[in-house]
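# Understanding the architecture of this molecule
Here is how the chains run, residue by residue.
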Amino acid sequence: MIHTDDMDTDAVLDEALDYAQSEPIDAVCVASTSGQTGTKAAERFGGDLVVVGHSYGYDVANEQELAADHVETIEDAGGEVFTGPMVFSNLGSAIAQKEGFSSHELVADVLRLFGQGTKVAVECPLMACDAGLVDAGDRVLSIAGTGEGADTILVVEAANSREFFDSRVLEVVAKPADAENLVWW
């Protein structure tokens, strides 16, 4: 396992590409809010890529954070883009805002113990599987980050979110070691 505290997004994506070229991988997922990390991933992975962004209205009602020019670049490279509800967020956040308890948020918070990127890297293959962009059982190289850029690489056995407990983190390829720099959403 590589600790990514001193690595930038490009170095993390290069490490992910090296891993994908040497190990059996069925799909690659990368989390991208603005599309910048997704575009960098598309340069490396081309058509073997699913970029997962936030749903419409995640930050501002009726708006999409994923920039259209980045979406175009990703799709031109042969990658696919998915924006939709996040498995561990949308409904759970609404319940939490009403000072209620949400098991969605509990699962998310437990995964964040390993880093924000770990939570997102587990979530993205679930979302991609729900959208039909990866198959349940696929070995997915999942790339995510803490706040901005990428700092985490996991190999995840994909499952539909309804079958969350069939999903498995098969390998931790890279993650930050410094928990003080984690961003809590």
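Every chain's residues receive numbers from 1 upward, in the order its sequence appears when written. The model is predicted, so local features are restricted to residues of pLDDT at least 70 and side-chain atom pairs to those at 80 or more, both for listing and for counting; the totals for chains, interfaces and linings are taken over all residues. Just so you know, side-chain values use all the structure's heavy atoms and leave hydrogens and water out.

## Points about the packing of aromatic side chains
For Phe, Tyr and Trp, rings pair up if their centres lie within 6.5 Å, where Trp contributes its six-membered ring, and each pair is then called stacked (planes under 30 degrees apart), edge-to-face (over 60) or tilted (otherwise). Enumeration over the complete set of coordinates arrives at one aromatic pair. Centroid distance Phe164 to Phe165: 4.9 Å. Interplanar angle 70°. Geometry classified as edge-to-face. Burial classes follow relative accessibility: with a 1.4 Å probe on protein chains only, a residue under 20% of its type's maximum area counts as buried, one over 50% as exposed, and anything between as partly exposed. Of the residues examined, Phe165 reaches a relative accessible area of 64% and is grouped as exposed.

## Things to note about the state of the cysteines
The disulfide criterion used throughout: a pair of cysteine sulfur atoms within 2.5 Å. Taken as a whole, this structure holds zero disulfides when the rule is applied. Cysteine Cys29 shares no disulfide, and the gap to the nearest cysteine sulfur, in Cys124, comes to 6.3 Å.

## Describing the side chain of Lys175
Secondary structure elements follow DSSP: runs of H or I of four or more residues count as helices, runs of E of two or more count as strands, with numbering from the N terminus. Checked against the element boundaries, Lys175 lands in strand S7 (residues 168–175). Residue class for Lys175 comes out buried when judged on its relative accessible area of 17%.

## Describing the side chain of Asp138
Within the secondary structure layout, Asp138 lies in the loop between helix H6 (116–130) and strand S5 (139–144). Working convention for charge: Lys and Arg count positive, Asp and Glu count negative, and His plus the chain ends are omitted. In the sections that follow, a salt bridge refers to a side-chain nitrogen of Lys or Arg positioned within 4 Å of a carboxyl oxygen of Asp or Glu. Look at Asp138: it is buried, it has no salt bridge, and the nearest opposite charge is Arg139 at 9.4 Å. Setting aside chain neighbours within four positions, we find Asp138 in contact with Asp26, Val156, Glu157 and Ala158. Contacts are assigned to residue pairs with any non-hydrogen atoms lying within 4.5 Å of each other.

## Some words on the pairing of strand S2 (residues 27–31)
If a strand is regular, its side chains alternate between the two faces of the sheet. The buried count for S2 comes to five of five residues, which makes it a mostly enclosed element. Residues Ala27, Cys29 and Ala31 point to one face of S2 and Val28 and Val30 to the other, with burial holding for every one of them. Any two strands with at least two DSSP bridges between them are considered paired. Bridge count for S2 against S5 is four bridges, and the pairing is parallel. From the neighbouring strand, Val30 faces S5, where its bridge partner is Ile143. Strand direction decides the pairing type here: S2 and strand S3 (residues 50–53), joined by three bridges, are parallel. Looking across to S3, one finds that Ala31 is bridged to Val52.

## Looking at the nonpolar core
The criterion is simple. A nonpolar core is a set of buried Ala, Val, Leu, Ile, Met, Phe, Trp, Tyr and Cys residues joined through side-chain atoms within 4.5 Å. Counting residues in each nonpolar core, the largest one holds 23 residues, and the members touching the most others are Cys29, Val50, Val52, Cys124, Val134 and Val140. For this core, the secondary structure elements donating two or more residues are S2, S3, H6, S5 and strand S6 (152–157). Top element by residues in this core is H6. It accounts for eight residues. The residues touching Cys124, leaving out its near neighbours within four places in the chain, are Cys29, Ala31, Val52 and Ser142. Residues Val12, Val28, Phe45 and Ala174 belong to the second largest nonpolar core, which totals 20 residues.

## What about helix H3 (residues 68–76)?
Counting along an α-helix, one turn takes 3.6 residues, and residues three or four places apart therefore face a common direction. Those residues of H3 that sit buried are His70, Val71 and Ile74. On an axial view of H3, the arc spanned by its buried residues comes to 100°, and they lie on one face. Facing away from the buried side of H3, by more than 90 degrees, are the exposed residues Ala68, Glu72 and Asp76. Phi for Gly78, located one or two positions after H3, is positive at around 100°. Note that the arc is computed from the directions linking the helix axis to the C-beta atoms.

## What to know about the pattern of salt bridges
Inspection of every chain in the model, using the stated rule, returns four salt bridges. When the shortest N-O distance is used, the salt bridge between Asp10 and Lys40 registers 3.6 Å. Residue Asp10 is found in helix H1 (residues 9–22), and its partner Lys40 is found in helix H2 (residues 36–45); the two are separated by 30 residues along the sequence. Residues Glu123 and Lys119 are paired through a salt bridge, measuring 2.8 Å at the closest nitrogen-oxygen approach. Highlighted residues: Glu123 and Lys119, both in helix H6, separated by four residues, approximately one helical turn. Since its relative accessible area comes to 1%, Glu123 is described here as buried. Linked through salt bridges whose partners overlap, the residues forming this network are Asp10, Asp14, Lys40 and Arg44.

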